[in-house]
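# Examining the three-dimensional arrangement
Here is what each chain is made of, one letter per residue.
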Amino acid sequence: MSIKNIFKVGIAGVAFLAFSATGAFAAPDIPCGTAKLIVPWGAGGGTDIIFRQIVEKVNKNGAKPQLQVVNVGGQGGNKGAKQAAKAKPDGCTLFAIHQSAITSYFTGRIDITWDAFEPVSMVTSTPSIIGANVNTPYTNLTELVSAAKKNPGSITAGGTFGSTSQFVFLLLEDAAGVKFKHVSYDGTKQRMTALLADNIKLGEINLAAAIKYIKAGKLKALGVTNPARLDQIPGMKTAQEQGYDLVYAVERGVVAPKGTSKAIIDHYAAMLKGAAADSDFKDAMHKKGILITYKGAKDYTDHFQATYDKWLPIAKKVGVYKRK
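Residues numbered from 1 in each chain as written. Predicted model: local features only at pLDDT ≥ 70, side-chain atom pairs only at ≥ 80, totals over all residues. Heavy atoms only, no water.

## Describing helix α9 (residues 262–277)
Here α9 spans 22 Å end to end across 16 residues, near enough to the 22 Å set by a 1.5 Å rise per residue. The set of residues buried in α9 consists of Ile264, Ile265, His267, Tyr268, Ala269, Met271, Leu272, Ala275 and Ala276. (Helix = DSSP H or I, 4+ residues; strand = E, 2+ residues; numbered from the N terminus. Expected span 1.5 Å × (residues − 1). Buried < 20%, exposed > 50% of the residue type's maximum accessible area, 1.4 Å probe, protein only.)

## Section: the sheet that holds strand β6 (residues 156–158)
If you trace the five strands from one edge of the open sheet to the other, you get β7-β6-β8-β5-β9, paired in mixed fashion. A single partner strand is all that each edge strand has here, and the edge strands are β7 (181–183) and β9 (219–224). If you compare each strand with its neighbour and ignore which way they point, the axes differ by 30° on average. For strand β5 (residues 129–133) and strand β8 (residues 202–205), the ladder comprises four bridges, and the chain directions are antiparallel. When the bridges of β8 are listed, Ile130 appears paired with Glu204. Relative to the sheet, helix α7 (residues 188–196) contacts β5, β6, β8 and β9, its axis offset from that of β8 by approximately 140°. Sitting on the sheet, helix α8 (residues 207–215) is in contact with β5, β8 and β9, with an inclination near 130° to β9. (Pairing = 2+ DSSP bridges. Axes fitted to C-alpha atoms, helices over the stretch in contact; angles between N-to-C directions. Contact = heavy atoms within 4.5 Å.)

## Some points on the packing of aromatic side chains
In total, this model carries nine aromatic pairs according to the counting rule given. Arranged with centres 5.2 Å apart and planes meeting at 55°, the rings of Phe106 and Tyr308 form a pair that is tilted. Residue Phe106 is found in helix α4 (residues 100–106), and its partner Tyr308 is found in helix α11 (residues 297–317); the two are separated by 202 residues along the sequence. By relative accessible area, which is 16% here, Tyr308 ends up buried. Aromatic side chains Phe169 and Phe180 sit 5.8 Å apart centroid to centroid with 80° between the ring planes, which places their arrangement in the edge-to-face category. In this pair, Phe169 is assigned in helix α6 (residues 164–176) and Phe180 in the loop between α6 and β7, connecting sequence segments 11 residues apart. Members of the aromatic cluster, joined through ring pairs, are Tyr105, Phe106, Tyr308 and Tyr321. (Phe/Tyr/Trp six-rings, centres within 6.5 Å; stacked < 30°, edge-to-face > 60°.)

## Let's talk about the environment of Thr124
As for its position among the elements, Thr124 is in strand β4 (residues 117–127). Among the residues examined, Thr124 registers a relative accessible area of 0% and is labelled buried. For the pair Thr124 and Phe51, spaced 73 residues apart in sequence, the C-alpha separation works out to 9.7 Å. Excluding its chain neighbours within four sequence positions, the residues that come into contact with Thr124 are Ile50, Val250, Glu251, Arg252, Phe281, Met285, Ile290, Leu291, Ile292 and Thr293.

## Structural notes on the sheet that holds strand β2 (residues 66–71)
Pairing is mixed across the open sheet formed by six strands, whose spatial order is β2-β1-β3-β10-β4-β11. Pairing within the sheet leaves two strands with one partner each, and these edge strands are β2 and β11 (291–295). Averaged over neighbouring strand pairs, the angle between their axes works out to 25° when direction is ignored. The pairing of strand β3 (residues 93–97) with strand β10 (residues 249–257) spans three bridges and is antiparallel. Its bridge partner being in β10, Phe95 is matched across the sheet by Val255.

Laid out in structure tokens, this is it:
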């Protein structure tokens with residue numbers, strides 16, 4: 001555009017043109033007015049809560065096409081993954097992902113893993129909390145480990161088989177030299193219900209879904225797997241402080257079907273970057289103990305590969321690796 005025409009459109013027009021250049025408004029050729037973001041868990045769970053807020057922020061920022069969360073629960077998140085992997089790579093379908101794409105592959109629950117998709121952006125990281133029913137006698141990880149050593153395999157731990165919510169307990173077993181009795185639930189909401197009802201003694205929880213129960217004294221928080229304490233609950237010690245080498249978080253991001261063009265990926269990455277940088281979104285996530293850890297497509301791809309390579313020998317060591 002010429003200097004003369006720039007002056008014609010005015011300051012507001014220049015701002016729009018600059019913003020369009022990032023891909024936030026100037027969408028590539030995406031043949032839908034609304035693109036669906038498949039969340040492979042039921043409504044109300046930790047993953048669903050986070051991505052609904054991301055989508056709300058992206059849409060308010062003028063996303064074209066607009067995004068809509070579509071919950072496709074079942075099979076520990078794998079039903080939604082299979083559907084997303086088969087979708088056309090035209091920009092009309094995105095998939096909300098975390099490391100269950102790796103752990104489910106290790107355990108043989110699904111035949112595809114993260115590299116069946118095109119990474120777009122990682123947005124958040126949620127440290128896991130080892131939660132316990134209020135009727136349990138232990139109040140921290142040290143007491144839990146002591147009880148588990150006295151009665152190996154007797155303490156029930158809820159987590160979706162093959163997903164991140166079970167994998168954190170497998171890591172704790174490895175770090176502390178104990179064994180739990182694993183019970184599977186299809187999602188955070190179901191696991192929380194079982195934990196509150198005392199149907200299981202332990203469960204992987206996070207502040208996004210459980211902070212109100214923790215503060216009300218309806219759930220115990222035995223320790224957090226973050227390197228540092230969470231300032232929302234400063235009295236809760238980290239696993240490392242309690243003597244266990246366990247650092248872990250559920251890292252959530254967005255991927256697209258394999259073969260999606262770089263133009264479309266860059267378009268959505270720009271929109272997600274804008275949401276991640278939004279001060280209101282940051283504040284909302286902080287209140288829930290969720291870290292903003294944005295990575296673009298290239299960095300997210302490298303990070304996924306590094307995580308896969310790091311966890312592969314652990315999965316084999318604890319005996320859950322089922323690939324041929």
